[in-house]
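Next come the chains, spelled out residue by residue.
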Amino acid sequence: MAKRTEAYTLSWGLRRLLAVLLLLATAGCMAVGPDYQAPESELPTAWQDGSDPALMPDEAVMLRWWTLFEDPLLQQLIEEGAHGNLDLRSALARFREARARLAIARGEHWPQAEAQGSVLRSRSSENGLASAVGSETLYSVGFDASWEIDLFGRISRSVEAARADYQASAEDQADVMISVYAEIARSYLTVRTVQARLQAAEGNISSQRQVLKLTRSRFRNGLATGLDVAQAERVLAASEAVVPPLRIALRQSINALTVLLGRMPGELAEQLSEPLPIPLPPATVAIGVPADLLRRRPDIRRAERQLAAQTARIGIATADLYPRLSLSGSFALESLDGGDLFQSASRAFSFGPALRWLLFDGNRVRSRIAAEEALAEQALYSYEQTVLTAVAEAENALTEYLQQRNRQVALERSQAAAQRTVQLSTGLYKDGLSDFQNVLDAQRALFEIENQLAAARGDAVINLVQLYKAIGGGWNPPAGQDTSTRDLNKENP
């Protein structure tokens, strides 16, 4: 009868404890610390150069901007880089790490249980204090469980911080992806630009060789002086000296492009050996409005998520000012005889709540709170600085693109005039109506202008690439700020 009463009492106590557990689990918690509010940023309503006829205020062609150049090889290289670039792979690994850490933080919401079993053989000392001397074997099997009740939001704030870190990692991967696409395009366009400069140099060198041949012929016939020949040789040699640095730049650009694709230097040499024209930019460019930067630029989105994570860490530190409630229990079967281990008389259990409250710690907790608040303030300033930097980069890229187009147009006019100058001065020199110095000056001017024009054409296209990078082109951002369900590994060009 006594055993039945004891069992009834224990059963009633267990039911009451389970009821309390259920109540605490369903009642939620009071999360201490500040609740996060996203900062508001006021951006200009239009770009400074937005009235230029080459620009359109419509939504920019963002996701696959490289297709505007209509260059199949460029598209192929970017697709290869999306899978082979090592920086992008590293960013993806950091993204998976952050996702795993979020799962770790979420796991603290749940009880922790572990099973155990043992067979312990022991013997008492004959010369010790034990009254009974002998050997015995204890058989035991059971489990332990513990559960921290998140009364003041320490765990929920930890999950909030881990979720924001995870989302910031996703934005970091997008930022790396945008940079990789832009660098691949820039390196490829640099290759084509250097090849165009080489073609211009070699064309001028061929022309200068013809002039040198003519001058030597006239010298042999007594129609030109030795000075004319020496000056023609000097101009030709100076032009030939320009070629080796260009070949060095070409090799470096090809190797840089190869590394961006995650391949060994030299593997693209044959594929890029044939010179092709510099891809032409579109006549008009859609750039959207400055407010789009908050939605499109991953570095701004990342800074905002980092601010959210740091705000949550203030709550984690603040929770240490309040008590922690945990519930623990154990159940085991113990017996000195293995045959009796699973009998009801072998049961042993314990359960109950535990409350821990820090009363004195030399002001360390409040100092940690102050430190986290200072870090949150730094994160806010970092976010604001990122916004300002993003607007400045976009404005600068826009100005560089437009002004480089204007420079290209002026150089094209200058090239046409320089070509006429060379033809006229050479003709007059052949007829003996002009000094040879005019021919040399015209050749030098044409060489320099054609070199500048080839570089300007490449720079105009490269500046357009920088513009698309500055306004966040190359990816499709999800709606809103929640990136927790986005897997950027599935976003390819």
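Going by the structure above, here's the rest.
Everything quoted here is computed from the prediction, not taken from an experiment.

(A) Quick peek at the sheet that holds strand β6 (residues 347–356). Read from one edge of the open sheet, four strands run β2-β3-β5-β6, paired in antiparallel fashion. The sheet is open, and its two borders are formed by β2 (112–123) and β6, each paired with just one other strand. On average, each strand axis in the sheet is tilted by 20 degrees relative to the strand beside it, whichever way the strands run. Summarising the sheet, β2 and strand β3 (residues 135–149) pair through 12 bridges and their orientation is antiparallel. Looking at the pairing, Leu 120 lines up with Leu 138 of β3.

(B) Layout of a nonpolar patch on the surface. Together, Phe 143, Phe 331, Phe 349 and Phe 351 make up an exposed nonpolar region whose accessible area comes to about 350 Å². Position of Phe 351 relative to the elements: it lies in strand β6.

(C) Looking closely at unusual backbone geometry. If you check the backbone angles, Glu 70 has positive phi at about 55 degrees while not being a glycine. The exposed category is assigned to Glu 70, whose relative accessible area is 68%. The phi torsion at Asn 363 lies on the positive side, around 70 degrees, for a residue other than glycine.

(D) Summary view of the environment of Arg 192. As for its position among the elements, Arg 192 is in helix α4 (residues 154–220). Taking the relative accessible area as the measure of exposure, Arg 192 reaches 0% and is therefore buried. Considered as a pair, Arg 192 and Ile 278 are 86 residues apart in the sequence and their alpha carbons are 5.4 Å apart. Every residue in contact with Arg 192, bar those within four places of it in the chain, is listed here: Leu 73, Leu 272, Glu 274, Pro 275, Leu 276, Pro 277 and Ile 278.

The rules behind each value
Residues numbered from 1 in each chain as written. Predicted model: local features only at pLDDT ≥ 70, side-chain atom pairs only at ≥ 80, totals over all residues. Heavy atoms only, no water. Pairing = 2+ DSSP bridges. Helix = DSSP H or I, 4+ residues; strand = E, 2+ residues; numbered from the N terminus. Axes fitted to C-alpha atoms, helices over the stretch in contact; angles between N-to-C directions. Patch = residues over 30% accessible without salt bridge, like charges linked within 9 Å, V, L, I, M, F, W, Y side chains within 5 Å. Areas by Shrake-Rupley, 256 points an atom, 1.4 Å probe, with all protein chains shown as cover. Salt bridge = Lys/Arg side-chain N within 4 Å of Asp/Glu carboxyl O. Buried < 20%, exposed > 50% of the residue type's maximum accessible area, 1.4 Å probe, protein only. Contact = heavy atoms within 4.5 Å.

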